[in-house]
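Architecture at a glance
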Amino acid sequence: MIKILKEPVYFLGQVEFKILKGSLSINGRNFTEEFQEWNSAFSPRSTALMSFDPQDGEEVTIEFRTLENGLDAIQNCQSTFGIIYTPETEFIEFFEEVVKGFHVLKKEAEKTIPIPLMKITSEWQEVLEDLGTVNSPVIFVCGHRKVGKSSFSRFVLNGLLN
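The text that follows walks through the structure, step by step, so that each part is easy to find. (Residues numbered from 1 in each chain as written. Predicted model: local features only at pLDDT ≥ 70, side-chain atom pairs only at ≥ 80, totals over all residues. Heavy atoms only, no water.)

**What about the pattern of salt bridges?**
Note that side chains of opposite charge can pair when their charged atoms are close. Stated precisely, the cut-off is as follows: Throughout this description, the term salt bridge denotes a Lys or Arg side-chain nitrogen within 4 Å of a carboxyl oxygen of Asp or Glu. The secondary structure listing takes helices from DSSP runs of H or I that are at least 4 residues long and strands from runs of E that are at least 2 residues long, numbered from the N terminus. Burial status follows relative accessibility: with a 1.4 Å probe on protein chains alone, a residue under 20% of its type maximum counts as buried, one over 50% as exposed, and anything between as partly exposed.
Applying the stated criterion across every chain, the model contains 5 salt bridges. A salt bridge links Glu 16 to Arg 65; its shortest N-O distance comes to 2.7 Å. Of the two residues, Glu 16 sits in strand β2 (residues 9-21) while Arg 65 sits in strand β7 (residues 60-65), which places them 49 residues apart along the sequence. On the accessibility criterion, Glu 16 (17% relative accessible area) is buried. Residues participating in the shared-partner salt-bridge network are Glu 7, Lys 107 and Glu 110.

Written as structure tokens, this is what we have:
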């Protein structure tokens, strides 16, 4: 399945994707058309929904395909694992399934769905830029429950690995 993105798209599930044209960021990690390889993306229900963010306001053409992995086999044996990458029944109308196991949040649902969306702030970007100038940075992240410590940590890790 090929899609053209012009603005951020939030997703739930697992998928393999290849950038055919343009560039985008997922949680601080940049992807461009220069690397003609398949990449994996995961956004489980247990965290804020991540997004495919087109860079520099340009259109991005992406090819998606179902990610085949061991989780499918586990789901066949233990149905409990089937819920990790699928919307809860009460939220299913907010999503569109693009390929098996990969659901995109409908644009009109972004303001009404009671699931947190991962928003990368300018402060996060500034911290990442500052850390990029430090050799072997050590970071201590603290805060109350449900304020984004894990999301911020994943963002920094992805950005530093970029």
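**Digging into the pairing of strand β6 (residues 50-54)**
In the case of a regular strand, side chains alternate between the two sheet surfaces. Rules: Two strands pair if DSSP finds at least two bridges between them.
For β6, a buried count of 5 out of 5 residues is recorded, marking the element as mostly surrounded by other parts of the structure. As defined by bridge partners, β2 adjoins β6 across 3 bridges and the pair is classed as antiparallel. What sits directly across from Val 9, in β6, is Phe 52. As defined by bridge partners, strand β3 (residues 23-26) adjoins β6 across 2 bridges and the pair is classed as antiparallel. When the sheet's bridge partners are listed, Leu 24 is paired in β6 with Pro 54.

**Structural notes on helix α3 (residues 149-161)**
The following threshold applies: Helix span, as expected, comes to 1.5 Å for every residue beyond the first. Read the arc as the range of directions from the helix axis to the C-beta atoms. Contact definition: two residues touch when any of their heavy atoms are within 4.5 Å.
Here α3 spans 18 Å end to end across 13 residues, near enough to the 18 Å set by a 1.5 Å rise per residue. Residues Ser 151, Phe 152, Phe 155, Val 156 and Gly 159 constitute the buried set of α3. Projected onto a plane normal to the axis of α3, the buried residues spread over an arc of 135 degrees and lie on a single side. In this structure, the buried side of α3 is in contact with α2 (122-131).

**A short note on the packing of aromatic side chains**
To keep it simple, the criterion reads: Each Phe, Tyr or Trp ring (for Trp, its six-membered ring) is paired with any other whose centre lies within 6.5 Å, and the angle between the two planes then decides the class: stacked below 30 degrees, edge-to-face above 60, tilted in between. A ring is scored as having a charge over it whenever the NZ atom of a lysine or the CZ atom of an arginine sits within 6 Å of its centre and within 35 degrees of its normal.
Under the criterion given, the structure shown has 9 aromatic pairs. Centre to centre, the rings of Phe 52 and Phe 64 are 5.5 Å apart; their planes meet at 70 degrees, and the pair counts as edge-to-face. Here Phe 64 lies in strand β7 and Phe 52 lies in strand β6, a separation of 12 residues in the sequence. Accessibility classification places Phe 52 together with Phe 64 in one group, the buried group. Among the aromatic residues, those joined into a ring-pair cluster are Phe 11, Phe 17, Phe 31, Phe 52, Phe 64 and Phe 102. A cation sits over an aromatic face here: Arg 65 above Trp 38, 3.9 Å from the ring centre.

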